[in-house]
Each structure stands twice: as structure tokens, then as C-alpha cells.
Amino acid sequence: MERTRATVKLFQNAKALASHLGLALEEAATGGASDGNFTSALGVPTLDGMGAVGEGAHAPHESVFIEHLAPRTALLAAMLVKLHPRPVKLA
């Protein structure tokens, strides 16, 4: 996944929101691939690794640390509000 200017800006926004929530969000690079490679290749600013925190990814012993679920969900909600601050009318 390429590190584009738009993705860097998206990460900086996410990091600032995380800081307001008392979370440390650090940038990292790894090998391999994800669905994010496809969206990024289309020019869509993309952050990967924003899901659950855990261990043993894709292994029989894979697990999620439940203490991280609420803070990560709060960060996602804050990012959505930042991207679309007006209320959305649901049908």
C-alpha cells in the first residue's frame, strides 16, 4: 500500500482524535497485503490496522483484547464525525 499525501493527512487526523481520547496511535509499515491495498490503489485515503487489537491473526489461537474494543470504537466514531459532521437522516 502506497503512503500517499492524502493517507498521511488522514492518519494525522486520526492520531489527533486518538490523542483527545487518551489513545496513542502510531504509524507502522508491514509486509503483506490487505483489502486496503485495493482502495489505496484507487486513490482513496486508506488506513489499515484500525480494527480490533489482539494476537494470533488468522491462526487457530487468534483472540481479541476486549479492553481495546470500546476505545477503538470511540476512535472510529470520532473519525466518522470528523469526515461527515452533519447529522445523517436515516430512513
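Residues numbered from 1 in each chain as written. Predicted model: local features only at pLDDT ≥ 70, side-chain atom pairs only at ≥ 80, totals over all residues. Heavy atoms only, no water.

Participant: I would appreciate a short explanation of unusual backbone geometry in the present structure.
Facilitator: Of all residues except glycine, most have a negative phi; of all peptide bonds, most are trans. Not every positive phi belongs to a glycine, and His 58 is a case in point at roughly 65 degrees. Positionally, His 58 belongs in the loop between β1 (54-55) and β2 (63-64). (Helix = DSSP H or I, 4+ residues; strand = E, 2+ residues; numbered from the N terminus.)

Participant: What exactly am I supposed to notice about a nonpolar patch on the surface here?
Facilitator: Together, Val 64, Ile 66 and Leu 69 make up an exposed nonpolar region whose accessible area comes to about 290 Å². With respect to the secondary-structure elements, Leu 69 resides in helix α3 (residues 69-83). Overall, the relative accessible area of 39% leaves Leu 69 in the partly exposed class. (Patch = residues over 30% accessible without salt bridge, like charges linked within 9 Å, V, L, I, M, F, W, Y side chains within 5 Å. Areas by Shrake-Rupley, 256 points an atom, 1.4 Å probe, with all protein chains shown as cover. Salt bridge = Lys/Arg side-chain N within 4 Å of Asp/Glu carboxyl O. Buried < 20%, exposed > 50% of the residue type's maximum accessible area, 1.4 Å probe, protein only.)

Participant: Please explain helix α1 (residues 5-20) as it appears in this structure.
Facilitator: Since one α-helical turn is 3.6 residues long, residues separated by three or four positions face the same way. Under the 1.5 Å per step criterion, the end-to-end length of α1 is 23 Å for 16 residues, consistent within 8% with the ideal 22 Å. Within α1 the residues assigned to the buried category are Thr 7, Val 8, Leu 10, Phe 11, Ala 14, Leu 17 and Ala 18. Summarising the contacts, the buried residues of α1 are in contact with α3. With its phi angle positive at about 80 degrees, Gly 22 sits one or two positions after the end of α1. (Expected span 1.5 Å × (residues − 1). Contact = heavy atoms within 4.5 Å.)

Participant: Looking at this model, I keep getting lost on the nonpolar core. Mind explaining?
Facilitator: In globular proteins that are soluble, nonpolar side chains generally tend to be buried together. Of all hydrophobic cores here, the largest spans seven residues; its members are Phe 11, Ala 14, Leu 17, Ala 18, Leu 25, Leu 75 and Met 79. Elements that contribute at least two residues to this core include exactly α1 and α3. The dominant element in this core, judged by the number of residues it contributes, is α1, at four residues. Among residues more than four places away in sequence, those in contact with Leu 25 are Phe 11, Ala 14, Lys 15, Ala 18, Met 50, Arg 72 and Leu 75. (Core = buried A, V, L, I, M, F, W, Y, C linked by side-chain atoms within 4.5 Å.)

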